[in-house]
Every structure is written in C-alpha cells, then in structure tokens.
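# Coordinates in review
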Amino acid sequence: MDEPAAEQEIEDLARPGATRQLLQVFRHRNYRLFFTGQLVSLMGTWMQNVAQSWLVYSLTHSTLLLGLTSFCSTVTVFFITPFGGMVADRVDRRRMLLFTQSAAMAQAGILAVLTLTHVILVGEIIGLALCLGFVNAFDVPSRQSMTLDMVPKEDLRHAISLNSMMFNLARIVGPALAGALIAVVGEGICFALNAISFAAVLTSLYLMEFAPRVRRATGKPLREIVSGYRYSLSTPQLRTSLMLVAVSSMFGAAYLTLMPAFARDILHGHSTAYGTLMTSVGAGALVGAYSLSRIPERLLMFAPIIAALAFGIGLILFSHSHMLWLSVLLLLPTAASLMLLGGTTNTIIQMVSADAYRGRVISHYTQCFMGMMPWGSLLLGTLASRYGVSNAVTLGALVVIASAVFAYIGRRGTAWSMGQAPAE
C-alpha cells in the first residue's frame, strides 16, 4: 500500500484526459452510486445556501450579520477538521458518511420547520449554521478521501474532475431554482427540499459495497494529528499548495458571502438577480472543473499559482461592475479560476500524499479552503460595512495576487515532483 508509484504510473495519472476518459470513471459501480446521490443532494444544499443568505440579509440588511452567519457555518471546520481527518484514517468512511449526511438532513429539516412556521430568528439561523459546520468537519475529509476507495489510482484525477463538475453543476441548478422559489413561495420551501434531497445520497451510500479495509496501527489521536501536520508542512508540494489555498480562500473566496449585497445594493436587483449571479458562479466553476482534466503535466504544479493570479484579477474587475450582464460575464472566469485553484491543489495533495496520511492531509486542505473562508467572511463583512462592498473585495483580491507572486517565487526555489512523498 505504501509502495511509491512507478514513473509510468505517475505519467499516466498526470496526463490530460479526454471526455471519453472522464466518462470511463463511471464503469465503477460505487462511483456511479456516489455521483448520482451526491448530485441530487448538492442541488438541495445550494438551494439552502442561497435561501439562508437571502433570509439573513432580508431580516437584517446587515453585511456584518451576513458575514457572521457564513463565519459560523464553517468556523467549526477550521478547528475540528483535523480531528475529522484523523477519524477518516481510522474508521469505515461509508458508515461515517451515513451518520454525517443523516445529521445534515436533520439540520435542514429543523431550519425548514422554523422558517415555514414564521418563528425563525437570526440567532437560530446562526446556531443551526454552526451545527452544520460541525457535521461538515467530519463529513468532508471522509467523503473526499473515499475517492480512492471507489476508483483506482489511474482514474483518480478524472474522478476528482468529475466530483468538481458534479459540485458545480449543482451550483448552477440549485441557486437558479432557489432564486425563483424565494420569489414565489419563500425560503422555507428551499430548506424543506434540501432535507428531502438527502434521501438520495443516503440511499446511494447504503447500496455501496467495499472490500474490508486493512487495519493500520494507530497511536494516540492527538499524536496522530500532530504527525499529520508535520507531514504536510515538511513536504514542499503540500506546504506551498495549502498556504496558497488558505490565503486565496480567506481574502478572495469569501466574496461569495457578500453576493446578496452585490445583487441588492450594487446592481439594484432582487432574489432573481442573486440567483443569476450564483448560477454564473456555478457555470464558471463547471468550466474550471472540466479544464482540470485538460491541464498538461508540465503545468500541473504551476496551475494553482496561475489560477490564484487570475482569480484575484477577476475579483477586482467584478467588484467594480454596476451592470448585471457584465457582472455575470466577469464571474465566469473568476469562478473558473477559483475552481482550478481548488481542483489542482486537491489533485496534487492526493497524488503526493502517502495513503496512511491521506485523510489527514485532505483535512488540512479542507481546513485551508473551507476553514479559512469564515474568517474571510467576517473580515470582508466588517470592511464592507465601513468602506463599502466593492472596496472590501478589491482589497482582498490584492492580497490574493500578492500570495500568488510569493508562491511563484517559492516554487522556483524548490525542486518539486509528482512522486508520492514517503510516509516517514
């Protein structure tokens, strides 16, 4: 299990794939079940994300509370995900996902009941968002590290690309449906539909069949968490990629939290305009996900740096647009760049990480990508309340561009390869 991949295997894994090669991943039964269930569930998740942000902003008209809600929904990911990664390296990942997805279903059901009965308060929304973040801290490392349990290594890169395409296809459909439903029947129906959508992923997980995992020797939990961090920080490919994602997420990706303010205050639109903007984000990210499988091997290690630079430039242009059609067009390359940044980093860490550390390294990726976003949401929300939404996002974009420049300088001074880093 710990034997490094041969050079030919690494070349085959890193070579760009065509559409036919992407679709060949569906020959694996477990992945077909996973893809179908997750696609339905993620559509509901994006409907809830859009409805929750719109509900908070409609109740308060406060960018600070909008940022605080997003902060609470993912701040637990920052603190608890390392424990989730340690658990993912120890337990049956399918059973863990059955538990976490059931808990997320219950959270959506409670949110739906409170909203439909018109007793929902901002404090309750924030509390439920905090609970969902706790669930995601254990769900995401198990779900992403389970990819290699469903497909062999030669299909890993295409499976990650398909996972990203699935995620962003749901991002296109979900917000569009949510924007229309909010205007017609309100936010509560979006929450209810999300709760129902979890039935699809729970059914798919129940039908999956895996060979028994070989139990590995385990030590004390805290010691394993520390050794995971030591492994990530001592591997140049992992260290630089994770740092770039962390900065880009905190200062750049948090712009999504302020999207209701862009729709209402900058573009003078309503919930349908908000849904259109979020749909454009999903469309751009879908293009970026497909492009992930087309990146030449010689550019794979540089791709996160290029993507971060393009993402920062796109954010500056978008933040100063005052026309809906122009904002929609600018969001396409901006979202595609962010998707490429996350997708290429995910590919690099899964290809480089030793199997015994994969769950913990993915938890570090989750901590950097999802865990840093709440701090950015709180920061940008505070800056937006004082200096304006456009200026806050522009400032964050400049930090992203600076981080890409520093990562490029650091990359040039380090010898990188796509070979698997040793476990010790």
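The preceding data block contains the structure.
### A closer look at the overall build of the chain
Helix and strand content of the chain: 19 helices and zero strands. Here the chain, with 424 residues, has 59% of them falling under the buried criterion. Summarising the internal contacts of the chain: among those between residues at least 6 apart in sequence, 89% fall at separations of at least 24. When the accessible surface of the chain is totalled, it reaches about 17,300 Å², and 68% of it is carbon and sulfur.

### So, the packing of helix 3 (residues 29-60) against helix 9 (residues 187-207)
Close contact between helix 3 and helix 9 brings their axes to 8 Å; oriented N to C, the two are set at 165°. Between helix 3 and helix 9, the crossing angle belongs to the class labelled roughly antiparallel. As for how helix 3 packs across helix 9, the hand of that crossing is left-handed.

### A closer look at the environment of I305
When you line up the elements, I305 lands in helix 15 (residues 303-319). In this structure I305 comes out as buried when scored by relative accessible area, which is 7%. For I305 and L341, which are 36 residues apart along the polypeptide, the C-alpha to C-alpha distance reads 7.5 Å.

### What to know about helix 18 (residues 372-387)
Its 16 residues place the ends of helix 18 22 Å apart at the C-alpha level, agreeing with the 22 Å of an ideal helix rising 1.5 Å per residue. In the segment just after helix 18, G388 is the residue with positive phi, at about 100°.

### Topic: the pattern of salt bridges
For the coordinates displayed, the defined rule picks out one salt bridge. Among the ionic pairs, R143 bridges to D139, the shortest N-O distance being 2.9 Å. With a gap of four residues between them, R143 and D139 both fall in helix 6 (residues 122-145), about one helical turn apart. Side by side, R143 and D139 carry an identical accessibility label, which is buried.

### Quick word on the nonpolar core
If you look at the biggest cluster of nonpolar residues, it comprises 110 residues, and the most contacted ones within it are Y31, Y255, M259 and F262. Per-element accounting of this core gives the leading share, 14 residues, to helix 3. Setting aside chain neighbours within four positions, we find Y31 in contact with V25, F26, M150, V151, A159, L162 and N163.

### Digging into helix 11 (residues 236-251)
Along its 16 residues, helix 11 runs 23 Å from first to last C-alpha, staying within 8% of the 22 Å computed at 1.5 Å per residue. Of the positions making up helix 11, those classed as buried are Q237, L238, T240, S241, L242, L244, V245, A246, S248, S249 and M250.

### Some words on the packing of helix 3 against helix 4 (residues 63-88)
In contact at an axis separation of 9 Å, helix 3 and helix 4 are set at 145° when each is read in the N-to-C sense. Our pair here, helix 3 against helix 4, has a crossing hand that is right-handed. Along its contact with helix 3, which presents Q52, S53, V56, Y57 and T60, the element helix 4 presents T63, L65, L66 and T69. Looking at side-chain class alone, the contact of helix 3 with helix 4 contains four nonpolar, five polar and no charged residues.

### Structural notes on unusual backbone geometry
Positive phi outside glycine occurs at H61, with the angle close to 55°. Positionally, H61 belongs in the loop between helix 3 and helix 4. Although it is not a glycine, H118 sits at a positive phi angle of roughly 60°. Within the element layout of this structure, H118 appears in the loop between helix 5 (93-116) and helix 6. On the basis of relative accessibility, which here comes to 73%, the residue H118 falls in the exposed class.

Thresholds, definitions, all that
- Residues numbered from 1 in each chain as written.
- Predicted model: local features only at pLDDT ≥ 70, side-chain atom pairs only at ≥ 80, totals over all residues.
- Heavy atoms only, no water.
- Helix = DSSP H or I, 4+ residues; strand = E, 2+ residues; numbered from the N terminus.
- Buried < 20%, exposed > 50% of the residue type's maximum accessible area, 1.4 Å probe, protein only.
- Contact = heavy atoms within 4.5 Å.
- Areas by Shrake-Rupley, 256 points an atom, 1.4 Å probe, with all protein chains shown as cover.
- Axes fitted to C-alpha atoms, helices over the stretch in contact; angles between N-to-C directions.
- Parallel < 35°, antiparallel > 145°, perpendicular 65-115°, else oblique.
- Left-handed = near helix turned anticlockwise from the far one by under 90°.
- Expected span 1.5 Å × (residues − 1).
- Salt bridge = Lys/Arg side-chain N within 4 Å of Asp/Glu carboxyl O.
- Core = buried A, V, L, I, M, F, W, Y, C linked by side-chain atoms within 4.5 Å.
- Nonpolar A, V, L, I, M, F, W, Y, C, P; charged D, E, K, R; others polar.

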